[in-house]
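So you can see what is in the structure, the chains are spelled out below.
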Amino acid sequence: MQKLHLNPMLIVLITLFFGCTSTSSTQHKPDFALVIHGGAGTILKKNMSDEKEKAYRDALENALHTGNEILASGGSSVDAVVAVITQMEDSPLFNAGKGAVFTHEGKNELDASLMNGADLNVGAVAGVTQIKNPIQLARLVMENSPHVLFAREGAEAFAKEQGIEMTDPKYFYTERRWESLQKALEKEKSQNDAAIIQMENAKFGTVGCVALDKNGNLAAGTSTGGMTNKRFGRVGDSPIIGAGTYANNKTCAVSATGHGEFFIRNMVAYDIAAMMEYKRLAVKDAAQMAIDKVGSMQATGGVIVLDKNGTIAMPFNTEGMYRGYIKAGEEPVIKIYKD
Ligand code: ASP
């Protein structure tokens, strides 16, 4: 029998050709895309009533529709992220804005950040108590100040100067979050434990959004009440650019949720973008590696990531993560539990 001699170079070329065509046929770049999360945590189907699940699904779907309308009509990714997060902040379901958790002292101290992937401009606020929509203040910091992060009274002085909507701190009271604080305080007392944060059965509930607009610009935003029973002006990862939020048109946009201290220590959001930029990792691999790293420190949480081609990754190491996405011309997808 005659032996078939194939030139090794030819084999490489054939492999490359078929590899490329198969990828391009399965993954076409959408005109725009938007991904959201409403927090990760111990979210189990068995603990969820149909009614509660529907409320979350509806809220996530409404947020996706808001973003979709803006992006479909040519709006910017920054506009979409701010509008979507504003809507989620107004819902008592999420730990951001209206539904923010309580500090040890029984207050609500809110954090938020926003990043524009087109010019790497950012704005963030930490520990604000009277701002109805912290994501909108983050935008004003980004656009109307030479700085990137304002905290507490300073952030509120800037807010007044900018004429943004202020609110009585009582607005943030919800019975559900108040009860969570009481449980955390009781547990702390009974365990005689100085642990500032109750991690067991934690449901984080932070909100985040990443978007790619028709002009190819990426943006990311995150907003949170932080963690129940937090103390001493504690600030988590959400307003820290590179930890809880990051966007760069060269690579991807990221928003995180989880145990903020560990997301800061691992610079999770930037880590993902850096792996993609320097190591040319695919978005799914980079996102998974960053979450595995957090997990190796026994910390929990998740991220939503959208790359410049509209490819999405949403890894988490908890039981569930409220999440969803929409791509141009497609139906919205909403998920809560592990797949
Ligand atoms: N990452 C937030 C924080 O540590 C909490 C969350 O994601 O719900 O403040």
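Look up: the structure comes first, before these words.
Since this is a predicted model, take the numbers as computed values, not measurements.

Definitions and limits used
- Residues numbered from 1 in each chain as written.
- Predicted model: local features only at pLDDT ≥ 70, side-chain atom pairs only at ≥ 80, totals over all residues.
- Heavy atoms only, no water.
- Helix = DSSP H or I, 4+ residues; strand = E, 2+ residues; numbered from the N terminus.
- Buried < 20%, exposed > 50% of the residue type's maximum accessible area, 1.4 Å probe, protein only.
- Contact = heavy atoms within 4.5 Å.
- Areas by Shrake-Rupley, 256 points an atom, 1.4 Å probe, with all protein chains shown as cover.
- Pairing = 2+ DSSP bridges.
- Axes fitted to C-alpha atoms, helices over the stretch in contact; angles between N-to-C directions.
- Right-handed = clockwise from strand over helix to strand, strands pointing away.

A. Highlighting the overall build of the chain. Within the chain, the regular secondary structure consists of 9 helices and 12 strands. Looking at the chain as a whole, 53% of its 339 residues qualify as buried. Residue pairs in contact within the chain that sit at least 24 positions apart in sequence constitute 69% of those at least 6 positions apart. With the model as given, the accessible surface of the chain reaches about 15500 Å², and the carbon-plus-sulfur share is 54%.

B. Spotlight on the sheet that holds strand 9 (residues 301-307). Strand order in the open sheet formed by 4 strands is 7-8-9-10, and the pairing between neighbours is antiparallel. Among the strands making up the open sheet, the edge pair consists of strand 7 (245-247) and strand 10 (312-313). Here 7 bridges tie strand 8 (residues 252-258) to strand 9, and the two strands are oriented antiparallel to one another. Across the sheet, the residue bridging to Cys252 is Asp307, located in strand 9. Strands in contact with helix 8 (residues 268-279) are strand 7, strand 8 and strand 9; relative to strand 8, the strand with the most contacts, it is inclined by about 145°.

C. Region of the structure containing the pairing of strand 3 (residues 121-128). Counting buried positions over the 8 residues of strand 3 gives 7, a clear majority of the element. In this sheet, strand 3 lies alongside strand 2 (residues 110-116) in antiparallel orientation, the contact comprising 6 bridges. Residue pairing for strand 3: Ser113 is matched across the bridge by Ala124. Here strand 2 hands over to strand 3 after 4 residues, with Leu120 in that stretch at a positive phi of 60°. Pairing between strand 3 and strand 4 (residues 149-151): 3 bridges, direction parallel. Counted as the bridge partner of Ala126 is Ala151 from strand 4. As a crossover connection, the stretch from strand 3 through helix 4 (residues 134-144) into strand 4 is left-handed.

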